[in-house]
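So the chains spell out like this:
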Amino acid sequence: MRVIVADHPLITHKLTMLRDKTTPSSTFRTLTDELMTLLAYEATRDVRVIPHRIETPVAPTEGVVLAEPHPLIVPILRAGLGMLDGLLRLMPSAETGFLGMVRDETTLQPSVYAERLPANLTGRQCYVLDPMLATGGSLIAAIEFMFERGATDVTSVCLLGSPEGVAAVEKAVADRDVTLVLGALDEKLNEHGYIVPGLGDAGDRLYGVAG
Ligand code: PRP
Ligand code: URA
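Asks: Please set out the pairing of strand 4 (residues 72-77) residue by residue, giving values where relevant.
Replies: In terms of burial, strand 4 is a largely internal element, 6 of the 6 residues being buried. Where burial is concerned, the two faces of strand 4 agree: the one with Leu-72, Val-74 and Ile-76 and the one with Ile-73, Pro-75 and Leu-77 are both buried. Here strand 4 pairs with strand 5 (residues 95-96) via 2 bridges, running parallel. Among the inter-strand pairings, Ile-73 is bridged to a residue of strand 5, identified as Thr-96. Handedness of the crossover is the feature at issue here: the chain leaves strand 4, passes through helix 3 (residues 81-88), returns alongside strand 5, and the resulting connection is right-handed. One ladder, built from 4 bridges, connects strand 4 with strand 8 (residues 125-129); its direction is parallel.

Asks: Residues and numbers for the site of ligand 2, please.
Replies: In the vicinity of ligand 2, the contacting residues are Arg-103, Met-132, Ala-134, Gly-193, Tyr-194, Ile-195, Gly-200, Asp-201 and Ala-202. The backbone of Gly-200 places a nitrogen or oxygen atom 2.8 Å from a nitrogen atom of ligand 2. One of the backbone N or O atoms of Ala-202 is found 2.8 Å from an oxygen atom in ligand 2. For ligand 2, the accessible surface in isolation is 240 Å², of which the surrounding protein chains cover 88%. Residues that form the shell around ligand 2 fall into these classes: 5 nonpolar, 2 polar and 2 charged.

Asks: Provide a residue-level description of the site of ligand 1, including the pertinent values.
Replies: Near ligand 1 lie 16 residues; those nearest to it are Arg-103, Asp-130, Thr-135, Gly-136 and Ser-138. One nitrogen or oxygen atom from the side chain of Arg-78 is found 2.9 Å from an oxygen atom belonging to ligand 1. Note that an oxygen atom of ligand 1 is positioned 2.6 Å from one of the side-chain N or O atoms of Thr-135. For ligand 1, whose free accessible area comes to 500 Å², the fraction covered by protein is 94%. Elements with a minimum of two residues in the shell around ligand 1: strand 6 (98-103), strand 9 (132-133) and helix 4 (137-148). Counting residues per element, the shell around ligand 1 draws most heavily on strand 6, at 3 residues. A breakdown of the residues in the shell around ligand 1 according to their chemical character gives 7 nonpolar, 5 polar and 4 charged.

How each quantity is defined
- Residues numbered from 1 in each chain as written.
- Chains lettered and ligands numbered in written order.
- Predicted model: local features only at pLDDT ≥ 70, side-chain atom pairs only at ≥ 80, totals over all residues.
- Heavy atoms only, no water.
- Buried < 20%, exposed > 50% of the residue type's maximum accessible area, 1.4 Å probe, protein only.
- Helix = DSSP H or I, 4+ residues; strand = E, 2+ residues; numbered from the N terminus.
- Pairing = 2+ DSSP bridges.
- Right-handed = clockwise from strand over helix to strand, strands pointing away.
- Near = heavy atom within 4 Å.
- Polar contact = N/O pair within 3.5 Å; in protein donor to acceptor, adjacent residues only side chain to side chain.
- Areas by Shrake-Rupley, 256 points an atom, 1.4 Å probe, with all protein chains shown as cover.
- Nonpolar A, V, L, I, M, F, W, Y, C, P; charged D, E, K, R; others polar.

By themselves, these are just geometric observations and shouldn't be taken as functional.
What follows is the structure, given as structure tokens:
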């Protein structure tokens, strides 16, 4: 697995505002969207393209267009939804699949409550979006889900990750083609499985406290 931790002052600046507990939901949503757009630069570095010939007003030239099948973006509900538009804006021809997962806050085990993904992911480049990589349970389950459907090339984008979560994903995916792009690698998990210093519950901060 390839791990890329973004090292850019603008990303750190926006993460600082995101982490701040006084940041309201409306600003939190805007920052999440902007951060995804900034992280997309690293996340899509290996997106597949094919040569494409065009004519500028001055001369013919060869450029590129996205290869078929177009990439599949998979936000993990709820919190991953906050990152979807930031990537779709840059790759409007990408398709979107949905995976709804919730972590049991006592056992920290994830479960899937909704799924709307293509049955066959063979040959698709998949981009999994989830702001938080804590124990890694949710991301591992999502990646397994996609590999079971034939995906072989998965890039995960998380705003924050814990060392424990990165190690768990690394162990689970072994030598498969997985790239993990993080906005920042935080210090640790606390006894409740929350990232420290983190930003709290990303889903609640984006959309309000779930019942
Ligand atoms: C959060 C987060 C991840 C998961 C991370 O989602 O968005 O999906 O927890 O934790 P893990 O790495 O220990 O599995 P949550 O289950 O709170 O659902 P939500 O997005 O609906 O708030
Ligand atoms: N889920 C979150 O939203 N935040 C954490 O810190 C851990 C899991």
